[in-house]
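Remarks on the overall topology
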Amino acid sequence: MKVLIVYYSTYGHVQRMAEAVAEGVREVDGAEAVLRRVPETLPDDVIAKMGAVEAQQAMAHVPICTVEELAEADAVVFGTPTRFGNMCGQMRQFLDATGQLWAQGALVGKVGSVFTSSATQHGGQESTILSFHITLLHHGFVLVGLPYAFQGQMGIDEITGGSPYGASTIAGGSGERMPSENELDGARFQGKHVAEIAKKLVG
Ligand SMILES: Cc1cc2nc3c(=O)[nH]c(=O)nc-3n(C[C@H](O)[C@H](O)[C@H](O)COP(=O)(O)O)c2cc1C
């Protein structure tokens with residue numbers, strides 16, 4: 001049973017969350033976690049101006065995803081940073097290349113799930129995940145979020161990401177904050193939860 005974790009990350013926050021999702025997947029017997037990045041669409045000089053060259057190099061070992069890999073997976077967990085309250089353009093471009101899979105119904109009945117990162121606490125984490133769900137529903141994915149069984153989203157004693165829609169992290173205005181233990185726990189929970197449900201569906 002294969003769980004594909006496909007993400008885009010500029011500075012490494014979504015990447016760190018993706019690794020935690022993979023850890024959660026691997027807690028389920030017989031579940032394989034496959035980590036992939038979507039292709040970059042920005043020119044090198046823009047990446048340099050964004051101060052992301054080093055972070056991109058640190059992710060270079062993670063293979064680039066092909067759309068065919070979506071069809072080969074039993075479940076797909078998508079990770080995207082928030083861009084103006086929506087998924088990033090790199091992820092949008094990747095998904096816009098899945099028309100043939102849609103025409104074939106190749107993703108119908110697979111488990112789909114989304115996690116995210118934003119700079120600020122109320123900068124659009126929920127809108128990013130919920131608007132992402134629309135595309136997944138068009139493909140026929142069975143949506144899975146982060147239920148309140150993950151108790152880490154109940155606390156108000158620390159600033160934290162995580163909602164019933166999916167795991168998330170708050171990166172800070174200059175990306176200075178990396179995912180907290182609670183946020184990573186949420187990502188692990190989501191990965192495990194997705195794998196457990198996919199296992200039941202695959203039979
Ligand atoms: C063009 C652009 C738009 C952004 N829009 C938002 C936003 O709407 N809300 C927010 O909180 N952060 C926003 N951010 C900050 C990113 O979400 C943040 O850099 C990201 O979550 C860090 O994750 P990463 O290191 O995995 O890329 C934006 C960043 C860029 C470059």
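A brief report on the enclosed structure follows. What you see as residue numbers is a count from 1 along each chain, following the sequence as written. Thresholds applied to this predicted model are a pLDDT of at least 70 for local features of residues and 80 or more for the giving and counting of side-chain atom pairs; totals over whole chains, interfaces and linings are not thresholded and use all residues. As a rule here, side-chain values cover all heavy atoms of the structure and leave hydrogens and water aside.

1. A look at the overall build of the chain
Let me state the cut-off plainly: Numbering goes from the N terminus for both helices and strands, where a helix is a DSSP run of H or I of at least four residues and a strand is a run of E of at least two. Buried residues are those whose accessible area, probed at 1.4 Å on protein chains only, stays under 20% of the maximum for their type, while exposed residues exceed 50% and partly exposed ones sit between those limits. We call two residues in contact when some of their heavy atoms are within 4.5 Å. A 1.4 Å probe and the Shrake-Rupley method give the accessible areas. Residues count as covered only by the protein chains that appear here. Positive charges are assigned to Lys and Arg, negative charges to Asp and Glu, while His and the chain termini are left out of the count. By convention, charge coordinates are those of NZ in Lys, CZ in Arg, CG in Asp, or CD in Glu.
The helix and strand inventory of the chain stands at eight helices and six strands. For the chain, the N- to C-terminal ordering of α and β elements is β-α-β-α-α-α-β-α-α-β-α-β-β-α. For the chain, buried positions account for 52% of its 203 residues. When contacts within the chain are restricted to residue pairs at least 6 apart in sequence, those whose partners lie at least 24 apart make up 77%. Entry remark: accessible area of the chain is about 9300 Å², with carbon and sulfur atoms responsible for 55%. One finds the centroid of the 14 positive side-chain charges in the chain at a distance of 3 Å from the centroid of its 22 negative side-chain charges.

2. Comments concerning the side chain of Ser 163
Tracing the chain through its elements places Ser 163 in the loop between strand 5 (142-143) and strand 6 (168-170). Residue Ser 163 is classed as buried on the basis of its relative accessible area of 9%. Not counting chain neighbours up to four residues away, the residues in contact with Ser 163 comprise Glu 126, Leu 146 and Gln 153.

3. Quick notes on the pattern of salt bridges
Just so we agree on the cut-off: Salt bridge, as used here, is a side-chain nitrogen of Lys or Arg placed within 4 Å of a carboxyl oxygen of Asp or Glu.
Evaluation of the coordinates by the stated rule reveals eight salt bridges. The partner of Glu 19 in a salt bridge is Arg 16, with the nearest N and O atoms 3.4 Å apart. One end of the pair is Glu 19 and the other is Arg 16, both in helix 1 (residues 13-26) and three residues apart, which spans about a single turn. Glu 19 gets classed as partly exposed once you look at its relative accessible area, which sits at 28%. A relative accessible area of 24% places Arg 16 in the partly exposed class. Across the pair Lys 192 and Glu 27 runs a salt bridge whose closest N-O atoms are separated by 3.9 Å. A residue pair is termed long-range when its members are at least 10 positions apart, and Lys 192 in helix 8 (residues 181-202) and Glu 27 in the loop between helix 1 and strand 2 (32-37) qualify at 165 residues. Taken together, the shared-partner salt bridges in this structure form one network comprising Glu 23, Glu 181, Asp 185 and Arg 188.

4. Focus on unusual backbone geometry
Backbone geometry at Phe 84 places phi at a positive 55 degrees, although glycine is not the residue there. With respect to the element layout, Phe 84 can be found in the loop between strand 3 (75-81) and helix 5 (89-95).

5. Observations concerning the packing of aromatic side chains
Cut-off, in case you're wondering: Two rings from Phe, Tyr or Trp (for Trp, the six-membered ring) form a pair when their centres are within 6.5 Å of each other. A pair whose planes differ by under 30 degrees is stacked, one over 60 is edge-to-face, and the rest are tilted.
Throughout the structure, instances matching the rule amount to three aromatic pairs. Ring geometry for Phe 150 and Phe 189: centres 5.8 Å apart, planes at 55 degrees, overall tilted. Note that Phe 150 is positioned in the loop between strand 5 and strand 6 and Phe 189 in helix 8, a separation of 39 residues in sequence. Looking at Phe 189, the relative accessible area reads 26%, which means it is partly exposed. Site record: aromatic cluster; members linked through ring pairs are Phe 78, Phe 132 and Phe 141.

6. Notes on helix 8
Applied cut-off: Between the first and last residue of a helix there are one fewer steps than residues, each counted as 1.5 Å, and that sum is the expected span.
With 22 residues, helix 8 should reach 32 Å at 1.5 Å per residue; the first-to-last C-alpha distance of 31 Å fits that figure. Within helix 8 the residues assigned to the buried category are Asn 182, Glu 183, Leu 184, Gly 186, Ala 187, Arg 188, Gln 190, Gly 191, His 193, Val 194, Ala 195 and Ala 198. Summarising the contacts, the buried residues of helix 8 are in contact with strand 1 (2-7), helix 1, strand 3, strand 4 (111-118) and strand 6. Following helix 8 by one or two positions, Gly 203 adopts a phi angle in the positive range, close to 80 degrees.

Any functional reading would require information that these geometric values do not contain.
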